[in-house]
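Take a look at the letters that make up each chain.
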Amino acid sequence: MARDSEILFYKKPAKAWTAALPIGNGKIGAMIYGGAQKEVVSLNHDELWTGYPRSYTDMCSYDSFAKARELALEGKLVEAQNILEANFEGYNSQAYMPFGDIEITCIKGIVKNYSRTLDLANAIHTVKFEKNGVEYKRESFISAPDNVMVMNFTASVAKSVNIAVRMKSELKNVIYIDGDSLILDGTCPSNSPCNEEYESDSYERYPSDPAKMGMSFRGVVKVNTDGEVEYSDNTITVKNADCATLYFTCETSFNGFDKHPQLEGKEYKNSALETINKAYNIPYEVIKATHINDYKSFYNRVKLDLGTNNKENIQTDKRLAEFTGSHNDMGLYTLLYNFGRYLTISGSREGTQAMNLQGIWNHRITPPWSSNYTTNINTEMNYFPTLMIDLPEMHLPLIDLVNDMSVAGEKTAREIYHARGFTGHHNCDIWRLTTPVQGSSQWSFWPMASGWFCRHVYEHYEYTLDKDYLKETAYPILKKAAEFYLDMLVEDKDGYLMIAPSTSPENEFVWDGEDCSVSQTSTMSMSIIKELFINCKKAAAILGINDEVIDEINEKQPKLLPFKIGAKGDLLEWYDDVEWCEQHHRHVSHLYALHPARLINHDETPELIEAAKKTLEYRGDNGTGWSLGWKINFWARLWDGNHALKLIDMQLRPVDNKYVINYKGGGGTYPNMFDAHPPFQIDGNFGAVSGITEMLMQSTEDTIYLLPALPDKWKNGSVKGLRAKGNIKVDIEWKNGKLADYKLNGNTDGKKVIYAGQVM
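All of these numbers come straight from a predicted model, not from anything done at the bench.

(A) Structural context of the environment of Asp547. Relative to the assigned elements, Asp547 resides in the loop between α12 (523-543) and α13 (548-556). For Asp547, a relative accessible area of 13% translates into the label buried. Considered as a pair, Asp547 and Gln262 are 285 residues apart in the sequence and their alpha carbons are 42 Å apart. Residue contacts for Asp547: discarding those within four places in its chain leaves Tyr475 and Lys479. A polar atom in the side chain of Asp547 sits 3.2 Å from the backbone nitrogen of Val549. Engagement of the side chain of Asp547 in a polar contact is seen with the backbone nitrogen of Ile550, the distance being 3.1 Å.

(B) Focus on the pattern of salt bridges. Counted by the stated rule, this structure contains 40 salt bridges. When the shortest N-O distance is used, the salt bridge between Lys266 and Glu47 registers 3.3 Å. Taken together, the residues span a long stretch of sequence, with Lys266 in the loop between β16 (243-252) and α3 (269-280) and Glu47 in the loop between β4 (38-45) and α1 (62-73) at a distance of 219 residues. On the basis of relative accessibility, which here comes to 8%, the residue Glu47 falls in the buried class. Residue Lys479 is joined to Glu548 by a salt bridge in which the shortest nitrogen-to-oxygen separation is 3.7 Å. In this pair, Lys479 is assigned in helix α11 (residues 467-488) and Glu548 in helix α13, connecting sequence segments 69 residues apart. On the accessibility criterion, Glu548 (46% relative accessible area) is partly exposed. Sharing partners across several salt bridges, the network here consists of Arg455, Glu459, Glu462, Glu531 and Lys725.

(C) A look at a negative patch on the surface. A surface patch of like charges, here negative, comprises Glu79, Asp512, Glu514 and Asp515. As for its placement among the helices and strands, Asp512 is situated in the loop between β22 (509-511) and β23 (514-516).

(D) Broad picture of the environment of Gly668. Of note, Gly668 is situated in strand β25 (residues 668-669). Separated by 17 residues in the primary sequence, Gly668 and Gln651 place their C-alpha atoms 4.4 Å from one another. Residue contacts for Gly668: discarding those within four places in its chain leaves Gly625, Met650, Gln651, Arg653, Val655, Phe674, Asp675 and Ala676.

(E) Region of interest: the packing of α1 against helix α2 (residues 77-87). Where α1 meets α2, the closest approach of the two axes is 8 Å, and the angle between their N-to-C directions is 165°. Comparing their axes, α2 and α1 come out roughly antiparallel. Of the two elements, α1 crosses α2, and the hand of that crossing is left-handed. Across from Ser64, Phe65, Lys67, Ala68, Leu71 and Ala72 in α1, the residues of α2 making contact are Leu77, Glu79, Ala80, Ile83, Leu84 and Asn87. Here the residues of the contact of α1 with α2 sort into 8 nonpolar, 2 polar and 2 charged.

(F) Structural view of the layout of surface pockets. Looking at the largest pocket, its volume works out to about 600 Å³. Of all the secondary-structure elements, those providing two or more residues to the lining of the largest pocket are α10 (449-464), α12 and β28 (703-706). Residues that form the lining of the largest pocket fall into these classes: 9 nonpolar, 5 polar and 13 charged. Estimated volume of the second largest pocket: approximately 380 Å³. Taken together, 23 residues form the lining of the second largest pocket, with Trp369, Thr374, His426, Asn427 and Tyr663 sitting closest to its centre. Along the lines of polarity and charge, the residues of the lining of the second largest pocket split into 8 nonpolar, 13 polar and 2 charged.

(G) Geometry of empty space enclosed by the protein. With the rule as written, the count across this model stands at 7 cavities of 30 Å³ or more. The volume enclosed by the largest cavity comes to roughly 150 Å³. Surrounding the largest cavity, 16 residues form its lining, Met388, Glu459, Tyr463, Arg637 and Glu694 being those nearest its centre. Of all elements in the fold, only α10, α17 (683-696) and β27 (697-699) reach the threshold of two or more residues within the lining of the largest cavity. At 3 residues, the largest contribution of residues to the lining of the largest cavity is made by α10. Partitioning the lining of the largest cavity into residue classes produces 6 nonpolar, 4 polar and 6 charged.

(H) Examining unusual backbone geometry more closely. Cis geometry marks the peptide bond from His677 to Pro678; its omega dihedral reads -10°. For the bond running from Pro678 to Pro679, omega is 5°, close enough to zero to count as cis. Summarising the element assignment, Pro679 is placed in the loop between β26 (675-676) and α17. You will see that His327, though not glycine, has its phi angle at about 55°, which is positive. Checked against the element boundaries, His327 lands in the loop between α5 (316-326) and α6 (330-347). Under the relative-accessibility criterion, His327 is labelled partly exposed at 28%.

Definitions and cut-offs
- Residues numbered from 1 in each chain as written.
- Predicted model: local features only at pLDDT ≥ 70, side-chain atom pairs only at ≥ 80, totals over all residues.
- Heavy atoms only, no water.
- Helix = DSSP H or I, 4+ residues; strand = E, 2+ residues; numbered from the N terminus.
- Buried < 20%, exposed > 50% of the residue type's maximum accessible area, 1.4 Å probe, protein only.
- Contact = heavy atoms within 4.5 Å.
- Polar contact = N/O pair within 3.5 Å; in protein donor to acceptor, adjacent residues only side chain to side chain.
- Salt bridge = Lys/Arg side-chain N within 4 Å of Asp/Glu carboxyl O.
- Patch = residues over 30% accessible without salt bridge, like charges linked within 9 Å, V, L, I, M, F, W, Y side chains within 5 Å.
- Areas by Shrake-Rupley, 256 points an atom, 1.4 Å probe, with all protein chains shown as cover.
- Lys, Arg positive; Asp, Glu negative; His and termini not counted.
- Charge placed at Lys NZ, Arg CZ, Asp CG, Glu CD.
- Axes fitted to C-alpha atoms, helices over the stretch in contact; angles between N-to-C directions.
- Parallel < 35°, antiparallel > 145°, perpendicular 65-115°, else oblique.
- Left-handed = near helix turned anticlockwise from the far one by under 90°.
- Nonpolar A, V, L, I, M, F, W, Y, C, P; charged D, E, K, R; others polar.
- 1 Å grid on protein atoms, 1.4 Å probe; cavity = no way out; pocket = protein on both sides within 12 Å on 5 of 7 lines; lining within 4 Å.
- Points joined across faces, edges and corners; volume = space filled by probe spheres on them.

Scope: geometric values only; no functional claims are made or implied.
See below:
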């Protein structure tokens, strides 16, 4: 693979967090600035969240919901919205916290020939420079097998490595030296900065009552060196060394979403010491080789080649700037793709927490949108490509999150909706919040998270064919979600069944002269329910199950409200053909049935395909970073590769490092290749990977589509190792814009392969 598609390269240290480079192992995350005089490493741990388990169901009145439903069915939508916003909201989610920083000071001097790189093929960050006639090299990585961050300092001249290592954190902490270890013991706030009592004078961020305290954690640093070492003033100082290797790890008291981190927390202090002491005694080249072998076992599964313009010697931020003018950098497309795969492997490992709005990388005590799980698109988009790029292991943290929600959400379904099963709303956190949050109904009232998540739960089976997983994990979750929506269905004026009232995430329409977000129902909500019922029946059939829930689905499924096409020829977003408040809104939620679902497709619903296309044309191309990412997938499903590529080009627009929230057309890419909402949200990175994959290969349970949306510009190329549904590996090669060769590895019985509309 061309070097310009696997290396992020810069000639200056990062001055901003969105120019620093990420490393991670799913649990520990770090952003490395690469300073020559002073190195800063911004650290995270996937379990560091504010708060502790608590319930907000008592804040949501079922009677208010029932009244809002009655009003909505009568067409009194603004009145229904007012009731929901007054009496059917809980608290906001808890927030994902940064651990703090490691700061490493080096000897001063004039720096020459500086470079810093992130090698995506080996997951190694490297800094090189000359100072005072000495060549210095610094390698960094975070090992999943050994659960430590490792930084190795070397120099071309003997006894030239001189560093001082410190830790700091904005969270409540104490820092001290214990033997040869630098230790930071800390505690997270007991509530999120986004909850209103956090700002009140009477609220204590760090109460003394253990029942009200948040997460505790310990970070440990050790340095292995042949030089002189001093331990003092909360600092490890190394002098006159040939080599120094720094190790860092962190553990928390988190013991499960339903366990109080103080009263029922797990032991974490000795665990952190045991982990780092074990790693400390492993030779550097051995722990590095173990890390690389582990990482490459995942990264090497897929290989994309779109060609190269040989720009490996141009800085990545400069390449982004040049690309905006010329779009002449084939390797940049592949770099974007490989970077997204790298982020998946580095941000989501079996046994870790699922990736949130920022993956595992966040440096702010008050992160944008709490850096939580926003479940009306963003959390799901994080995992759009995971199975297609043959990383089912990295998909498991999301399945674990949904499994937890299926327990936590039972109380929410029962107490605030008087329904069976489970549900979740707009936001979730490490404590598996499932109740509505605060604010406008356009986001606070949306009990559809459980349904959307269930498509990931079922797709995991479709790609792996793990029947034990389907029986023990997937079907119980699907069944419980279906029970909730079965209980929520009501008849409309024409006798169709729908979920009422409903919203279309974060969008509004005009009703009786006012902006309104609550409709009788919404197309997205009905799409989610339709797909859930289909998948629930498929799972039951595979397992030979015919229970009472399947009977209910069979009874109600034919009566579900059908899709509607409006007077403009577009797919209606709400129950009625209403006036839009914002034509170019970033969400295009009513096209859920096109992607990620396939209820709208070329073979069965050609008229709806045209309506979906018209919808996208009205909505426009511009948007936030994740919105651009979703639209790439939409156009790929419409088999329009040139339009999908236009969206990729837009997503590669360089965005500066200013911390400004922009909801209208500001999406692009930061200097470090992170997706810009702006500010940073990682979902756009994964939306791009998914979209590129869908341009080259799509699959259903019985069909594999080869090059369904190949753009004219990608004339020659190949992709190897994609995974199609049915646990089939797919290799594709094309020349002059035409399929040249393909290979399938797996059981292809009953599978059709289609290229350019023809069965192969």
